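Below, each chain spelled out in residue letters.
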Amino acid sequence: SISLHLDTDTMKTSSLIIAACAATLSQTHAFSTSSRTVLSKPQQQSQSQTCRNMFSGGALDVEEEEDDEKRAQIEQMSKAMGMSVEEYQLGMNARLRMEDAINNLRVVGGDESSGVTVERDGNMPPKHLVVTVTDGGKALGKDKLEKAVVGALKSASEKSKVGRDEAQKDMMTYISSSMKKMGSM
């Protein structure tokens, strides 16, 4: 017979971490399974505050606002997840911090000396992707240039995965240390 013992503090922490990860995975491009590559300029968010969902960050400034409806909605969502309002807001803060880290991550694949470099962010697919081919890269010829570009893309993609993993570890550390400060652990 195997028995499992979890105290309520451990369960709250686990619930918060799971909820933060689920919200992050479902609402960011950081872990999308899409295989397309997007060449784009940095995009601006056009999402209105009224369209934001749970763990979107729309309730982070509930303390400053005297919006009873918004506060009631936050209390309802946190209660539905078995969390206090503070724990819920911590989850939102953690998700936003991770999203910012992934969006602001810049990695470079390839080699300048070969004439091909790729710079990208941590999102999958990337929101920021810059492929640079110098005259030296063009001089390689079509076949070698194609291989150099593919290699640079692969290298940058691998580095961005490492960056995403680090951002996730930082989010977990942030949640853990914040929960300790809140006295919930």
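One can find the structure itself at the top, above this paragraph.
Cut-offs and rules
Residues numbered from 1 in each chain as written. Predicted model: local features only at pLDDT ≥ 70, side-chain atom pairs only at ≥ 80, totals over all residues. Heavy atoms only, no water. Phe/Tyr/Trp six-rings, centres within 6.5 Å; stacked < 30°, edge-to-face > 60°. Lys NZ or Arg CZ within 6 Å of the ring centre and 35° of its normal. Core = buried A, V, L, I, M, F, W, Y, C linked by side-chain atoms within 4.5 Å. Buried < 20%, exposed > 50% of the residue type's maximum accessible area, 1.4 Å probe, protein only. Helix = DSSP H or I, 4+ residues; strand = E, 2+ residues; numbered from the N terminus. Contact = heavy atoms within 4.5 Å. Salt bridge = Lys/Arg side-chain N within 4 Å of Asp/Glu carboxyl O.

What follows deals with the packing of aromatic side chains. Here the structure, examined in full by the defined rule, presents zero aromatic pairs. The ring of Tyr174 is capped by Arg97, whose NZ or CZ atom sits 3.9 Å from the centre of that ring.

The next subject is the nonpolar core. Leu90, Ala94, Met98, Ile102, Ala167, Met171, Ile175 and Met179 together form the largest nonpolar core, which totals eight residues. Of all the secondary-structure elements, those providing two or more residues to this core are α3 (85–104) and α5 (142–182). By size, the runner-up hydrophobic cluster in this structure holds seven residues, among which are Leu129, Val149, Ala152 and Ala156.

Attention now goes to the environment of Leu153. Note on placement: Leu153 falls in helix α5. What makes Leu153 partly exposed here is its relative accessible area of 29%. Separated by 22 residues in the primary sequence, Leu153 and Val131 have C-alpha atoms spaced 8.4 Å apart. Leave out the neighbours within four places in its chain, and Leu153 touches Val118 and Leu129.

As enumerated under the stated definition, the model contains four salt bridges in all. As a salt-bridge pair, Glu99 and Arg95 come within 2.4 Å of each other at their nearest N and O atoms. With Glu99 and Arg95 both in helix α3 and four residues apart, the pair spans about one turn of that helix. For the pair shown, Glu99 and Arg95 are each scored as buried. One salt bridge in this structure joins Asp165 and Lys161, with 3.2 Å as the shortest N-O distance. Taken as a pair, Asp165 and Lys161 lie in helix α5 at a separation of four residues, close to a single helical turn.

Spatial relationships are all this shows, so hold off on functional conclusions.
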